[in-house]
Amino acid sequence: MTSERPLLVGGIDAGGTTFKCALAEPGGRLLETVRVPVTTPDETIAACLDFFRWELDARSARLGMLGIASFGPIDVDPASPDYGTLGATPKPGWCGTRISGRFFAGLGVPVVLDTDVNGALAGEIELGAAKGLRTAAYITIGTGIGAGVHGPGGYLGRPAHPELGHIRVERHPEDTAFAGTCRFHGGCLEGLASGTALIARHGDPALLAPEDAAWDIEAFYIAQACAALVLAARPERILLGGGVMQAAGLVPKVRAAFAELMNGYLGFSDAEIESLIQRPALGDNAGLIGAVTLARHALAQAAEAAG
Ligand code: ZN
């Protein structure tokens, strides 16, 4: 009988180069994971579907909900006809792919989908560096810059999502010649502080010494994003993730620049700033744990709604 088969949840961290899939217990324990390289939509999605079908079959289990944390741009409005559909991504062949629709059709279970950064934030709130907090933000600084903000009532920016990467920032006095890399705004936050901007100015950022002035300029911009978030939304924690943030010593520089920008306003002590601005704790797994968390929460909500 169907109802006697164990109920599991699935998660997919749908990144631009790899789809990481996990099958998990409704309590969150991961049972099995797989990494699927991103090629064409057909091939990639079929490989993910195979994983879930095979694992469910092997365990005689059924799937209650699938959570997907996806790269973008993607429609995250459940009321939209294009929910879960990728927008103008530069990834060949993926523009217009109905990610949630394809998995719904393939597995026959409800799918909940959010941005990759909201997924990472969900994981960090569940198990990581924002555990137990009601309000937290996650800024990912990689090829581009994205942010997710969670408040007491859920994710901010619904039915879309914030676009913190494109706020205007004050220029660092020693960074006035660089035009910026954003094709819309030139020198917005993303245009000045993303990995793409660092490469355009300096080549491979991994080759920059920790004491290079480039990191002070970088910290100055990221600190402005933190200040904007604090002033607009007052998160209890801001997590700084993404490849750029792996640079040694960058987080302390951001904290120092933030303190200077705030200039005593709101009275943050050094210890409070250290608590406010942190690195994520889940590393490479945040997106996958986040996707599973999205599924678990949606399943719990559905059960509640069903009484
Ligand atoms: Zn921009």
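Residues numbered from 1 in each chain as written. Predicted model: local features only at pLDDT ≥ 70, side-chain atom pairs only at ≥ 80, totals over all residues. Heavy atoms only, no water.

Quick word on the overall build of the chain
So the rule is basically this: In this text, helices come from DSSP runs of H or I with a minimum length of four residues, and strands from runs of E with a minimum of two, each type numbered from the N-terminal end. Note that the radius of gyration is over C-alpha atoms, with the globule rule given as 2.2 Å times the number of residues to the power 0.38. We call a residue buried when its accessible area falls under 20% of the maximum for its residue type, exposed when it is over 50%, and partly exposed in between, using a 1.4 Å probe and counting protein chains only. The contact rule is simple, with two residues in contact once any of their heavy atoms fall within 4.5 Å. Using a 1.4 Å probe, the Shrake-Rupley method yields the accessible areas, and only the shown protein chains count as cover for residues.
For the chain, the helix and strand inventory stands at 9 helices and 10 strands. Computed over C-alpha atoms, the radius of gyration of the chain comes to 20 Å, within 12% of the 19 Å expected from 2.2 N^0.38 for 307 residues, which places it in the range of a compact globule. Summarising its shape, the C-alpha atoms of the chain cover approximately 70 × 40 × 35 Å along the three principal directions. Counting the 307 residues in the chain, one finds 50% classified as buried. A separation threshold of at least 6 residues defines the contact pool for the chain, and within that pool the share at least 24 residues apart is 63%. As displayed, the chain has an accessible area near 14100 Å², and 54% of this comes from carbon and sulfur atoms.

A closer look at the pattern of salt bridges
Basically, it comes down to this: Criterion for a salt bridge: a side-chain nitrogen of Lys or Arg within 4 Å of a carboxyl oxygen of Asp or Glu.
A full pass over the atoms with the stated rule returns 10 salt bridges. Residue Glu25 pairs with Arg29 through a salt bridge whose shortest N-O separation is 3.2 Å. Arg296 is the partner of Glu126 in a salt bridge, and the nearest nitrogen-oxygen pair spans 3.0 Å. Of this pair, Glu126 sits in helix H3 (residues 116-127) while Arg296 sits in helix H9 (residues 286-305), placing them 170 residues apart in sequence. With relative accessibility at 22%, the residue Glu126 sits in the partly exposed group. Ionic contacts of the salt-bridge type, sharing partners, join the residues Glu32, Glu55 and Arg59 into one network.

Things to note about the domain arrangement of the chain
We count it as follows: Here the bounds of each domain stem from an automatic or database domain assignment. We define buried area as the total accessible area lost by two parts upon association, computed with a 1.4 Å probe and summed across both. Here a polar contact means two N or O atoms within 3.5 Å. Within protein one must be a hydrogen donor candidate and the other an acceptor candidate, and residues neighboring in sequence count only if both atoms are side-chain atoms.
As assigned here, the chain comprises domain 1 (7-118 + 284-306) and domain 2 (132-280). Opposite the 8 residues of domain 1 that make contact, domain 2 presents 11 residues. Between domain 1 and domain 2, a total of about 760 Å² is buried, with carbon and sulfur atoms accounting for 57% of that surface. When the buried area of domain 1 at its contact with domain 2 is split by residue, Val76, Val117 and Asn118 rank highest and sum to 61% of it. Connecting domain 1 to domain 2 are 1 salt bridge. Summed over the shared surface of domain 1 and domain 2, the result is 2 residue pairs in polar contact (both at pLDDT 80 or more).

Quick notes on the environment of Asp77
With respect to the element layout, Asp77 can be found in the loop between strand S4 (62-70) and helix H2 (99-107). Those residues in contact with Asp77, other than ones at most four positions away along the chain, are Tyr83 and Pro159. Side-chain polar atoms of Asp77 contact the backbone nitrogen of Ala79, separated by 2.9 Å.

Overview of helix H6 (residues 213-233)
Keep this limit in mind: Residue count minus one, scaled by 1.5 Å, sets the expected span of a helix.
Across its 21 residues, H6 extends 30 Å between first and last C-alpha, which sits within 8% of the 30 Å expected from 1.5 Å per residue. Extensive coverage of H6 is indicated by the burial of 15 of its 21 residues. One side-chain oxygen of the residue at the start of H6 lies 2.8 Å from the amide nitrogen of Ala214, identifying that residue as Asp212. One or two steps after H6, the chain reaches Arg234, where phi turns positive at roughly 50°.

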